[in-house]
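Overview (structure and organization)
Each chain, written out:
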Amino acid sequence: MKGLDDSYSLSSWQPFLNTQTLKPYYKELQAFLESRRKEGAIIYPPEKEIFNAFELTSLDKLKVVILGQDPYHGEDQAHGLCFSVRGGNRIPPSLRNIFKELHADLGTEIPNSGELTSWAKNGVFLPNSILTVEQKTPAAHKDKGWETFTDAAIRFISQEREKVVFILWGAFAQKKRSLIDESKHLVLAAPHPAAEVYAGGKAGFFGSRPFSKANAFLEEEVDWSL
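Below is a short write-up of the structure. Here the structure is a predicted model, which is why all the values come from computation and not from measurement.

The next subject is the pattern of salt bridges. This model, assessed by the stated rule, comprises eleven salt bridges. Note that Arg86 and Asp76 form a salt bridge whose closest N and O atoms lie 3.0 Å from each other. Here Asp76 lies in the loop between β2 (64–66) and α4 (93–106) and Arg86 lies in the loop between β2 and α4, a separation of ten residues in the sequence. Ionic pairing is found between Arg177 and Glu182, a salt bridge with its closest N-O pair at 2.8 Å. Overall, the relative accessible area of 40% leaves Glu182 in the partly exposed class. Connected through shared salt-bridge partners, Arg36, Glu39 and Glu134 make up one network.

This is how it looks when you write it as structure tokens:
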């Protein structure tokens, strides 16, 4: 499996991976990525970090799912977690708004770094629907197979786990709602945090309080501090 080697702690995800990585769509996806690399395309995140969301959040400890769309397409930004930007980068507008809502909701101090690795390690699964992108070309890998893979992951989590919170921000993420069994999981839907940039803070993301609502539902709360 390209990008899924022995250095990754993926044992809890192995039943899922075994169902997907031998399928024709996945093989075609990997062939596409390989051909783009040979053609000189610069692909983000780096190959060893494409599956960071799966490596950092084991299935058995997963509490919350936050779904993004595709990775940042600037140099040295994406590292395999949605909304998260590698330390040392300017915090993107959507993430700044997430931090503002976190502060308003829980009183958590607004961090200076946009890296969300600690969330991932605390049980917050942070995949993008599309796991790769090309430099300065957003959505370059749309409809190449990643959506099939991540939709299957969401469905697998819904089937195999109990009492998970799915946080769906924006219309794109909310299209995945049908993959989730809401009889045993909590879905929190709200406008995308980027919407507040254009709506003067009145889009409806601010005040949605996803962090406290998630903790109220969970048997073991998430430590949202960064």
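Right, let's get into the packing of α4 against helix α9 (residues 210–217). Packing of α4 against α9 brings their axes to within 7 Å, and their N-to-C directions diverge by 55°. The orientation of α4 relative to α9 falls into the category oblique. Within the contact between the two elements, α4 uses Ile98, Glu101, Leu102, Asp105 and Leu106 and α9 uses Pro210, Phe211 and Ser212. A per-class count over the contact of α4 with α9 returns five nonpolar, one polar and two charged.

Residue placement: Ala53 occurs in helix α3 (residues 52–56). On the basis of relative accessible area, Ala53 is assigned to the buried category, the value being 3%. Distance from Ala53 to Gly201, taken between C-alpha atoms, is 29 Å for residues 148 residues apart in sequence. If we skip the residues at most four places from it in the chain, Ala53 touches Gly80, Leu81, Phe125, Leu126 and Pro127.

Attention now moves to the packing of helix α2 (residues 24–38) against helix α6 (residues 146–160). Axis angle and axis distance: for two packed helices, these are the angle between their axes and the distance between the axes, and together they describe the pair. It is the contact of α2 with α6, at a shortest axis distance of 9 Å, that shows an interaxial angle of 135°. On the basis of the axis angle, α2 is oblique to α6. Taken as a pair, α2 and α6 cross one another with a handedness that is left-handed. Where α2 abuts α6, its residues Tyr25, Tyr26, Leu29, Gln30 and Leu33 lie against Trp146, Thr148 and Phe149. Classifying every residue of the contact of α2 with α6 gives six nonpolar, two polar and no charged.

A word on the packing of aromatic side chains. Considering all chains together, one arrives at 21 aromatic pairs under this definition. Judged by centre distance (5.1 Å) and plane angle (80°), the ring pair of Phe54 and Phe125 falls under edge-to-face. Of the two residues, Phe54 sits in helix α3 while Phe125 sits in strand β3 (residues 124–125), which places them 71 residues apart along the sequence. With respect to class, Phe54 is no different from Phe125; both count as buried. By the ring-pair criterion, three or more aromatic residues cluster together here, those being Trp13, Phe16, Tyr25, Tyr26, Phe51, Phe54, Phe125, Trp146, Phe149 and Phe156. Across the ring face of Phe217, the terminal group of Lys163 is positioned such that the distance to the ring centre comes to 4.8 Å.

Attention now moves to the pairing of strand β5 (residues 165–169). Across the five residues that make up β5, a large majority, five, are buried. Neither face of β5 is exposed, since Val165, Ile167 and Trp169 on one face and Phe166 and Leu168 on the opposite face are all buried. Pairing of β2 with β5, which is carried by three bridges, proceeds in the parallel orientation. Bridging from a neighbouring strand, Ile66 pairs with Ile167 of β5.

Parameters at a glance
- Residues numbered from 1 in each chain as written.
- Predicted model: local features only at pLDDT ≥ 70, side-chain atom pairs only at ≥ 80, totals over all residues.
- Heavy atoms only, no water.
- Salt bridge = Lys/Arg side-chain N within 4 Å of Asp/Glu carboxyl O.
- Helix = DSSP H or I, 4+ residues; strand = E, 2+ residues; numbered from the N terminus.
- Buried < 20%, exposed > 50% of the residue type's maximum accessible area, 1.4 Å probe, protein only.
- Axes fitted to C-alpha atoms, helices over the stretch in contact; angles between N-to-C directions.
- Parallel < 35°, antiparallel > 145°, perpendicular 65-115°, else oblique.
- Contact = heavy atoms within 4.5 Å.
- Nonpolar A, V, L, I, M, F, W, Y, C, P; charged D, E, K, R; others polar.
- Left-handed = near helix turned anticlockwise from the far one by under 90°.
- Phe/Tyr/Trp six-rings, centres within 6.5 Å; stacked < 30°, edge-to-face > 60°.
- Lys NZ or Arg CZ within 6 Å of the ring centre and 35° of its normal.
- Pairing = 2+ DSSP bridges.

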